[in-house]
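Chains, contacts and geometry: an overview
Here are the chains, one letter per residue:
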2 protein chains.
Amino acid sequence: MAGQTQLLRIDVVSGIPAYRQIVDGLRPLLVSGALRPGDPLPTVRQLALDLGVHFNTVAEAYRILAEEGWLDLKRRRGAVVLERPSPDRPDPSAVATLNRRLRELVAEMQAAGVSSDRIARELRARVEGLGK
Amino acid sequence: MAGQTQLLRIDVVSGIPAYRQIVDGLRPLLVSGALRPGDPLPTVRQLALDLGVHFNTVAEAYRILAEEGWLDLKRRRGAVVLERPSPDRPDPSAVATLNRRLRELVAEMQAAGVSSDRIARELRARVEGLGK
């Protein structure tokens, strides 16, 4: 339900564009089924207000998620979650890019002083989460 | 050595700013020791030329890595890798942010159709990599 989007946060100092943060924040809710087919998302204007960003920023995020097949965009800038079949066969270059980013993220954690044990625990927790 | 930076790639369609991609691409080389204290990095102008970006983009990336303690910026926009002690105690909010991004990345892989088995394998490979 729309209440899930209250979990979204925009980190203004991260250097990552706000629209990208909205996309990356909503996608796990869509993948996990916390947002389900038929669920309405907040209107662009409402979510922009909640997050303190320009409404074009939210509109761009919704547009990207619609292109990925997650959302049906409605008039007056609303959106409804779609049933989205998982791609049969991932794009190999997408896999390579995502692996690179996984390496980068681990390096960033190490650089921030997170211990190897702690990082290993977090990675294993994500492996566990996949089983569910 | 400077040759390592030839591994850097800028993905212009990713939505991630180029300076951020340079930072994220160099950090694993610094964390892993592929780039070692005393190693010179290419000048801002040279790396900008290699990557096809504006030299201010590279200068911004070097500035961020210098703030993180990785680089000593030289005159004429060169840079040398510094000995950088790992922080004793990671910032808890940094840990939370990095965990969130790990969840987001896994969701992105799932959305791209990468199988759970494959994602689990990649996560475990990163756990293995930590031991080295």
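Our structure's up above, just so we're on the same page.
Parameters and conventions
- Residues numbered from 1 in each chain as written.
- Chains lettered and ligands numbered in written order.
- Predicted model: local features only at pLDDT ≥ 70, side-chain atom pairs only at ≥ 80, totals over all residues.
- Heavy atoms only, no water.
- Pairing = 2+ DSSP bridges.
- Helix = DSSP H or I, 4+ residues; strand = E, 2+ residues; numbered from the N terminus.
- Expected span 1.5 Å × (residues − 1).
- Buried < 20%, exposed > 50% of the residue type's maximum accessible area, 1.4 Å probe, protein only.
- Contact = heavy atoms within 4.5 Å.
- Axes fitted to C-alpha atoms, helices over the stretch in contact; angles between N-to-C directions.
- Buried area = accessible area lost by both parts, 1.4 Å probe.
- Salt bridge = Lys/Arg side-chain N within 4 Å of Asp/Glu carboxyl O.
- Least-squares fit on C-alpha atoms with pLDDT ≥ 70 in both.

With that settled, the discussion passes to the sheet that holds strand β2 (residues 71-73) of chain A. All names here are of chain A. The strand order β1-β3-β2 describes an open sheet built from 3 strands, whose pairing is antiparallel. Of all strands in the sheet, those bounded by a partner on one side alone are β1 (40-41) and β2. Where β2 lies against strand β3 (residues 79-81), 3 bridges are found, and the strand directions are antiparallel. Paired with Asp72 across the strands is Val80, a residue of β3.

Further remarks concern helix α1 (residues 18-32) of chain B. All names here are of chain B. In a regular helix each residue adds 1.5 Å, so 15 residues correspond to 21 Å; α1 covers 22 Å between its end C-alpha atoms and thus fits that length. Within the sequence span of α1, burial applies to Arg20, Gln21, Ile22, Val23, Asp24, Gly25, Leu26, Arg27, Pro28, Leu29 and Leu30. Two residues or fewer past α1, Gly33 is found with a positive phi of approximately 85°.

Residue and element names in this part refer to chain B. The 3 strands lie next to each other as β1-β3-β2, forming an open sheet whose pairing is antiparallel. Edge positions in the open sheet fall to β1 (40-41) and β2 (71-73), since each of these has one partner strand only. When β1 meets strand β3 (residues 79-81), the two strands line up antiparallel, connected through 2 bridges. Following the sheet pairing, Leu41 is matched in β3 by Ala79. Sitting on the sheet, helix α3 (residues 55-67) is in contact with β1, β2 and β3, with an inclination near 125° to β2.

What follows covers the interface of chain A and chain B. Each partner contributes residues to the interface: chain A has 42 residues there, and chain B has 42 residues. With both chains or domains summed, chain A and chain B bury close to 4,500 Å², and 66% of this area falls on carbon and sulfur atoms. The largest contributions to the chain A side of the interface with chain B come from A:Leu98, A:Arg126 and A:Leu130, which together make up 15% of the buried area. Of the charged contacts, one joins B:Arg27 and A:Glu108 as a salt bridge, the two residues approaching to 3.7 Å between their closest N and O atoms.

Once that is clear, we can look at the relation of the copies chain A and chain B. Once chain A is rotated about the relating axis by 180° and shifted along it by 0.0 Å, it coincides with chain B to within an RMSD of 0.0 Å. The superposition operator between the copies reduces to a two-fold rotation axis. In this assembly, 100% of the residues forming the interface of chain A have copies in chain B that are likewise at the interface, indicating an isologous arrangement.

Bear in mind that shape data such as this cannot, by itself, settle questions of function.
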